[in-house]
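Per-entry structural report
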Amino acid sequence: MRVQRRGSDNLRMDEVQIIRAMEAIVGEEHVLAGPSARRAYDCDAYTVDRSKPTCVVMPASTGEVAAIVKWCVANETPFTARGAGTGLSGGALPALGGIVISTKRMTRILEIDVENRRLLAQAGIANKRISDAVAEHGLHFAPDPSSQTVSTLGGNIAENSGGPHTLKYGVTVQHILGVKMVDPTGEVLEIEGGRPGFDFLGLIVGGEGTLGIVTEAWVKLTPLPKAVSTALIAFPTIRDATETVADIIASGTVPAALEMMDANILKALKLAFGLEHPEGTQAMLLVECDGAAAAAVESDMDIVKEVCARHHALETKVAKDEAERAKMWMVRKKGIGAMGRLAPSIVTHDGVIPRSKLPEMLEFVYAVAEKHRLGIANIFHAGDGNLHPCFYFDDRDPKQVEAVVEAGEEIIRRCIELGGSVTGEHGIGVEKIDLMKLMFSPADLELQAMAKRIFNDGSLCNPCKVLPNQKSCVEHKARWRGVAW
Amino acid sequence: MDAASESPKWRNAPCSIEGVQEIVRSAEKLFILGRGTKTLWSVRSSVPEEPVSDIDASAVGLRRLRGIVDYSWQDQVVTALAGTRIFEMQRMLRERNQCLPLGPCGPESLARGSLGGSIAMNLPHLLEGRYGNWRDWILGMKVVLADGTLATCGSHAVKSVAGYDVQKLFVGSRGTLGIVVEVTLRTFPCVQMAEPMAELKRIRRAVQRVARSDYAEAASNLGRPYIGDHETGTLWFSLEKDGELRRYEGDWLLRTLAGKRNLEFTDQTQIRLMKRAKEIFDPTHKLNPGEMGIF
């Protein structure tokens, strides 16, 4: 039996029951179930695979999340948590349908404890709001993914997000002190890190929302550096730039950030923001050194400049003031967005290699793109060896789509051959689930499955993510895999 | 002498990972021994009133499972077998002006200990505030599980979010979930590391961690000599086996030579999750029986 509801939507009776139950928990105005909502929430920023939820629920508290999860468990309904939907591997894709639990209304800062350098916030708060709230105390929340103006604390925790400054300050897991979460049975747990005993917090951060739903977190606040020096350096060849990165790391200097942009990204940035660079520039590095003392920062930057000069730098521009520094970072952080100027579709990959292998890896990336006749641009966290090759193409042409998928796999395979990883910061989600077998043996995957079972022994909490061959996912995969194609 | 050496029926010190697997497969109960430098902190440390010698267990020693497997100094990544002594590793890293920023941490010199033992105990150290601890440095590891299976977790890359971070579970797990046999770590440019201070060598028996806001009060209330680190809220001091101490909200305390009191858990959620993890990873309670005090 189907029921006409909210205009044009045609729902099955069981779906109507789900929606009514959710409305009873959070109120009718906080449940989205119309066709446009279901379409809008059928994927995150990884748009290749899509699967529609029955409805989207927006709880305001941990108690409401727990009530939703308990209902889902009692009624065998899958549920998937979602922050801002900026994830790039399909972590918030409701793979088996069911309920999307959005943290959109859970955006409050609950406590700022300056003395202990920590802050308690709800999971739906945008990353940057945390730093903004404590800037007056000379503190900040160090993880800074490029999406930080919108991506949420809960999403950052789920994906163990990185960002340019993780080179020096570490990824999200090093900045989370404790969480309140709703486990996959609906029970509320409070888990603190840094104590004797098993490190469950280290497992939950990066668990991609499959171990429960984090609703609140204590985050560590880090003193803002007293001195900062930022430079944009232009190079005549890719190899000069990549060898510079390897040599800076080998010199023992650890910049706060060490980012690379190639000629195609620079072209897009010029079109979008008017970024100028010397003629003949094939790559640019954005290097930032920071610390407590200006003299030490200057000395680090001198080492960087000396390494750059050795590798034929065309120009080294050091930011004279905060406004110039902010502009340098703006172009880096908006780089992928600017690529919209080059082509209608972009796929951003995410792989890691040892930093010393950057020169040969970049050459491989360009050769793969040429072989498949694809446009390629590179903008990435060079200091971590974390590549983000971006293919730009026209997704209306199935042959180009096929080539993008093949080229992406070739690059990821090479990352593993060189001793790297299939993902540095975007996560496995559904996107890379089949690639897990390239990196891990069956015994390794079983060990991960054991760890998952500590929290999640069922198949309802964010199903079909991270681990391949999950029960009931294989047959459903055909339904959502490549729907966008 | 290792405290556990009185109870095990026999011990064995294989020099290969396969050797460790073989011993694990054939044992019913098994103690895991590093270099024995942190045995004072063990729940099995000698406490006359609570003997653990009734556990009929074998032992596996990791002291011969040693050596550097790979050192890519340009990438600041090193892989070593778990029985490698920390000072041996530091010596090799120093040749490339690198180190593990592991500061002094208590009465025994950490440097004499093995990598595996230090990771299993995860004791606080004096450089932790600036450089973190094992959980921040470990990129990946190989582990022999309770059924003898060898599994790898993490990676050799300085940044990876591929799969669950299972390696973090083994840090501080005191050998009760599996035996770490090989570990891959990020290294750091050399930092000035003072020799363990004379006072720290004399100060024995306990380490307490409190909130930064409680640190000054905790330090002044100790009423005894201490070494402290305000950054992490950590205090090292002497404490008698049955000595009592003022406690603070959210603090924790590790003792030496006080048996079960060496490591006490009060958080019921943590206890429940730890028991659940133990049932999944080691259902017959084969590995390091009694070491966590709660199973």
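Predicted model, so just to flag it, every value in this text is computed and none were measured.

**Digging into the interface of chain B and chain A**
Facing 58 residues of chain B, the contacting portion of chain A comprises 69 residues. Summed over both partners, the interface of chain B with chain A buries about 5,000 Å², with 58% contributed by carbon and sulfur atoms. Counting across the interface, chain B meets chain A through 5 salt bridges. With a shortest N-O distance of 3.4 Å, E231 of chain B and R117 of chain A are connected by a salt bridge. One can count 23 residue pairs in polar contact (both at pLDDT 80 or more) joining chain B with chain A. Those elements that place two or more of their residues in the side of chain B that touches chain A are α5 (134-137), β8 (150-154), α6 (167-170), α8 (212-222), β14 (252-255) and α9 (268-281) of chain B. When residues in the side of chain B that touches chain A are grouped by element, the largest group, 9 residues, is from α9 of chain B. For the side of chain B that touches chain A, the residue count by class is 28 nonpolar, 16 polar and 14 charged.

**Re the packing of helix α13 (residues 358-371) of chain A against helix α14 (residues 398-417) of chain A**
Between two packed helices, what matters for the description is the angle formed by their axes and the separation of those axes. Residues and elements named next belong to chain A. α14 packs onto α13 with a crossing angle of 160 degrees between their chain directions and a minimal axis gap of 10 Å. Classed by the angle they form, the pair α13 and α14 counts as roughly antiparallel. Note that α13 runs across α14; the crossing there is right-handed. Contact residues: α13 offers E360, M361, F364, V365, V368 and K371, while α14 offers A407, E410, I411, R414 and C415. Within the contact of α13 with α14, the residues separate by chemical class into 7 nonpolar, no polar and 4 charged.

**As for the packing of aromatic side chains**
All names here are of chain B. Taken as a whole and judged by the stated rule, the model has 7 aromatic pairs over all chains. Ring geometry for W134 and W137: centres 5.3 Å apart, planes at 65 degrees, overall edge-to-face. Taken together, the positions of W134 and W137, both in helix α5 and 3 residues apart, correspond to about one turn of that helix. Comparing W134 with W137, the two get one shared label, buried. The interplanar angle of 75 degrees and the centroid separation of 6.1 Å between the aromatic rings of F170 and F281 together place this pair among those described as edge-to-face.

**Concerning the nonpolar core**
Ranked by internal contacts, the top residues of the largest apolar core, which has 98 residues, are F455 of chain A together with W134 and F281 of chain B. Element by element, the count of residues in this core is highest for helix α16 (residues 442-455) of chain A, at 7 residues. With residues up to four places along the chain from it excluded, the contact list for W134 of chain B reads I86, L100, L102, L115, S118, I119, N122, V171 and L185 of chain B. Ranked by size, the runner-up nonpolar core spans 43 residues in total, among them I248, C308, L358 and V404 of chain A.

**Some remarks on the packing of α16 of chain A against α9 of chain B**
Their axes nearest at 9 Å, the elements α16 of chain A and α9 of chain B cross at an angle of 145 degrees. The chirality of how α16 of chain A crosses α9 of chain B is right-handed. Taking contact as the criterion, the partners of L447, M450, A451, R453, I454 and F455 of chain A in α16 of chain A are, on α9 of chain B, L273, R276, A277, I280 and F281 of chain B.

Conventions and cut-offs
Each chain carries its own residue numbering, running from 1 in the written order of its sequence. Think of it this way: whatever chain is written first is A, whatever ligand is written first is 1, and the rest follow in order. Only residues with pLDDT of at least 70 are given local features in this predicted model, and only at 80 or more are side-chain atom pairs given and counted; all residues enter the totals for whole chains, interfaces and linings. Side-chain measures here rest on the full set of heavy atoms in the structure, leaving out hydrogens and waters. Contact criterion: two residues are considered in contact whenever any of their non-hydrogen atoms come within 4.5 Å of each other. By buried area we mean the combined loss of accessible area, with a 1.4 Å probe, across both parts when two parts are placed together. When a carboxyl oxygen of Asp or Glu is within 4 Å of a side-chain nitrogen of Lys or Arg, the pair counts as a salt bridge. The term polar contact refers here to a pair of N or O atoms within 3.5 Å; inside protein, the definition further demands a hydrogen-donor-capable atom paired with an acceptor-capable atom, and it admits residues adjacent in sequence only when both atoms are side-chain atoms. Every helix listed is a DSSP run of H or I at least four residues long, and every strand listed is a run of E at least two residues long, numbered separately from the N terminus. Side-chain classes follow a simple rule in which Ala, Val, Leu, Ile, Met, Phe, Trp, Tyr, Cys and Pro form the nonpolar group, Asp, Glu, Lys and Arg form the charged group, and the remainder, Gly included, forms the polar group. Angular values range over 0 to 180 degrees, each being the angle between N-to-C directions of two axes fitted as lines to C-alpha atoms, with helices fitted over their stretch in contact. Between 65 and 115 degrees an angle is taken as roughly perpendicular, under 35 as roughly parallel, over 145 as roughly antiparallel, and anywhere else as oblique. By definition, turning the near helix anticlockwise from the far helix through less than a right angle yields a left-handed crossing, and turning it clockwise yields a right-handed one. Aromatic rings from Phe, Tyr and Trp, taking only the six-membered ring of Trp, are treated as a pair when their centres fall within 6.5 Å; an angle between ring planes under 30 degrees marks them as stacked, one over 60 as edge-to-face, and anything in between as tilted. Exposure classes here rest on a 1.4 Å probe applied to the protein chains alone. A residue is buried below 20% of its type maximum, exposed above 50%, and partly exposed in between. Here the nonpolar core consists of buried residues drawn from Ala, Val, Leu, Ile, Met, Phe, Trp, Tyr and Cys, with membership extended through side-chain atoms lying within 4.5 Å.

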